[in-house]
Every structure is written in C-alpha cells, then in structure tokens.
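Analysis of the macromolecular model
Below are the chains, spelled out letter by letter.
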Amino acid sequence: MKTIPARTAQRHPEQPAGKIRLGVIMNGVTGRMGTNQHLVRSIVAIREQGGVPTRDGRMIWPDPVLVGRNEDKLRALAERHGIERWTTDLDHALADPNDTIYFDALTTQLRPRNVRAAIAAGKHVYCEKPIAEDLATALELAQAARAAGIKNGVVQDKLWLPGLLKLKRLVDSGFFGRLLSVRVEFGYWVFEGIDEPAQRPSWNYRREAGGGIILDMFCHWRYVLDSVFGPVRSVLALGRTEIPERVDEDGQPYAATAEDAAYALLKLDPDVVAQVNSSWVTRVRRDDLLTLHVDGTEGSAVAGLRECRVQPRKATPKATWNPDIPQPIDFYAGWRPVDGDQEFDNAFKVQWELFLRHVAIGESFAWDFLQGARGVQLAELAIRSWKDGCWVDVPDLTL
C-alpha cells in the first residue's frame, strides 16, 4: 500500500517565529465523525484562525498527517482541506519523531491495539470514546499511558455544547435550589436500510463488532451526569433489540445482535435521581435530539444541544387535574431562554484546543484515559444490571 507521497513524505515546516508546531497523526478521519468534527471543524478550523493562542502571545500550530486504509479517500480529503501529508502506513507515521500526538477515531474494537502502539512510540494520545469495549482494557490503557508518562485524553464533547454549558451555569449558580431529578431523552429513528439508507454504520448493531447503544451512549451519560450534576452511584438498566434485522452498506440483510434502545434509572450524589432513555428506534417530538429536563425546588430547566430554557418557581403555573375540559394552560409559555444571544464555539474544537495546550505548554486537562474508563465502567455495569435484573452499585474508579 502507498504511504505518504514522496513530495510530502518528510515535509515538516520549520517552526515560524511565535508558533509552536505540533505534529498530529490523525487515524480514522475518513469516517463521518472523524472528517466533519475532528478534521474540518476542529483542526482545519484551528489552522484557519491561525492556531491556538497561548498566554504569552504565541500560537500552537497543529500540523496533521492523515492516516487511513483508503488511499483515494485520503488524497481527496487532504487536497480538499489543504493538508499536505497523508499515509496508509500507521507504523511509518508513528516512527516519525517530529509528530508527537496520535489521534484515534477508528471503531472501538480497533482502538486499543493502535493506542498501545502509539504509547509504545512515545506519542501523546487523544482518542474518541469509548476508549475500549471493556473496563479491564480501558484501565490497562490508562495504566500504560501513566507508566509511559505520556499526556492522554478522551473526547467528551458534550460538556462544551451550548445547551449543557448554560445548564451547568444554572446548577453552579444555585438556580434550582435543591436538585430533585434529571430526565435525559436521547435518540431518533435510524432507518433499517430497506426503504431509506441507514444513518449509522451497520457495526453499531452487531455486538460482536463492538456495537450497542449502551456502550456507545452510556460513556457520554457518565461524564455528563458526573460533571453537571453529581457522581453516579448506582444504575438499573434495561436494553432492548427492537429491530432484529437490518440491511448493511452493501444491501445485505443481517441479524442485529446488539441493543438499539436502553432505559435506565441512576442514583447520583447528592440524592438526585436520573432517568435516561437512549433509543435509535424513536421518532422525535421534543425540542432536540437530546434534551435534559432538570427539576429543583426553586426552578426547572430544559436543555438541548444548543438551547436552554428555565421556569423559576415564581413563574410556575398552578396546574390542576381536570380531564373534562381542554387544557387551559399553555405549558410552553412559562419558559424563558437562557443566554440566547451568546456565541459558542464548536464543542469538539474547544476540547481539541484544550488538549493541544495541555501537550504544548502543560496546561491542565481533566478528561484523561481514566475519565474515559469511567464511561466504559458505567456501560459495563448497565449491561450487568440488564442481564441480572437488579440495581448495580458504581464503585469509585482509580488507578
């Protein structure tokens, strides 16, 4: 297979004055998420703005090399976005001492092997979630990274979504009074591939390929709940495979062996209940694909990906139950938007900038492999709860 074209194989631009060059090996960027969020809206956007500023007036300049299996896709992607370097040989890329960061956006099953190779090559590692399919492997990678002394991070993008930033601000300000409950609704209808092409790859519905909505989404719910509301302490979960047969990318039917919906109750500190519904088999009639409804003694809020609305105690209507007349209250009218005119940057880009600062100038970065392992832990315990039909405690996780 062809590696980096000869004309760009070892082209590492001299570091301009005032810029800190960071070579970034980006593996798996020909996929939808890798292309759109990590390459175009993060790394390319950072380069277009001139880099990531530091406090001393310098700019951190990411210099990517794109890695993948398909030479034609890589070349086209690189040319489209002005990237000079690409390769189909990961070992070749890892061997270059001028590139210090390895990024992985491959499927979950492929990730541990490549992350181990990057750690062995002395690279700092940033990767998509889940970090691994099981907790034992996730902890092994976290321990290996710590032993090697390399900087490491896991994508936890939802923490920088505008809606969740606004919601977090409300929690921190005491707006809710005593927090009572959180209700998370996530999902949409993913077509089976029969009359409409599926919006998600077929491996998502094959357990043997690392699929399943619990592993995919509970890693998100762990860091969202922990960071915004309080630590997850126990879980009761139920998974369902509602669509038993789907059609793959080649038009071939296949058995869906992984769950496409999951329903969970979680207990959080301090004494908060979270109800979390995750589904690829639901039709949306709510404000967004993801909504969080939070109730407290002094007010409530509903947050989506970008918007957040609140209803304080004084604006709460006095509802009464009367099924014999049309509902006289417009329950949508008593909610007001939070920071509707504020501008927010892309959530993936924000975390990329934090990680680049972490590597280049040593700024703190809390979302490391251990944090990623906590997400895998919750997914694993949720599956155990589903299989055993009981509540499962979530113990503290340390290295």
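In the block above lies the structure referred to throughout.
Right, let's walk through the structure included here. Worth saying up front: this structure is predicted, and the values here are computed from it rather than measured.

Below, the discussion takes up the pattern of salt bridges. Across all of its chains, the model carries 22 salt bridges by this definition. A salt bridge links E259 to R207, with the nearest nitrogen and oxygen atoms 2.1 Å apart. Here E259 is found in the loop between β11 (253-255) and β12 (261-268), whereas its partner R207 is found in the loop between β8 (179-187) and α7 (213-228), with 52 residues between them in sequence. Each of R21, D63, R85 and D99 takes part in salt bridges that share partners, so that together they form one network.

Looking at where E353 falls in the secondary structure, it is placed in helix α8 (residues 347-361). According to the relative accessible area criterion, E353 is buried, its value standing at 10%. A polar contact of 2.8 Å, which involves the side chain of E353, links it to the side chain of Q49. Apart from residues no more than four positions distant in its own chain, E353 is found in contact with I46, Q49 and V52.

Attention now moves to the environment of R85. Counting through the fold element by element, R85 comes out in strand β4 (residues 85-87). The buried category is assigned to R85, whose relative accessible area is 2%. A sequence separation of 21 residues divides R85 from P64, and the C-alpha atoms of the two residues are 7.0 Å apart.

Counting buried residues along strand β5 (residues 99-104), five of its six residues qualify, which places the element largely inside the surrounding structure. The pairing of strand β1 (residues 19-27) with β5 spans five bridges and is parallel. For N27, the partnering residue across the bridge sits in β5 and is D104. Direction of pairing for β5 relative to strand β6 (residues 124-127): parallel, over a ladder of four bridges. Across the sheet, residue D104 finds its bridge partner in β6, namely C127.

Reading the values: the criteria
Residues numbered from 1 in each chain as written. Predicted model: local features only at pLDDT ≥ 70, side-chain atom pairs only at ≥ 80, totals over all residues. Heavy atoms only, no water. Salt bridge = Lys/Arg side-chain N within 4 Å of Asp/Glu carboxyl O. Helix = DSSP H or I, 4+ residues; strand = E, 2+ residues; numbered from the N terminus. Buried < 20%, exposed > 50% of the residue type's maximum accessible area, 1.4 Å probe, protein only. Polar contact = N/O pair within 3.5 Å; in protein donor to acceptor, adjacent residues only side chain to side chain. Contact = heavy atoms within 4.5 Å. Pairing = 2+ DSSP bridges.

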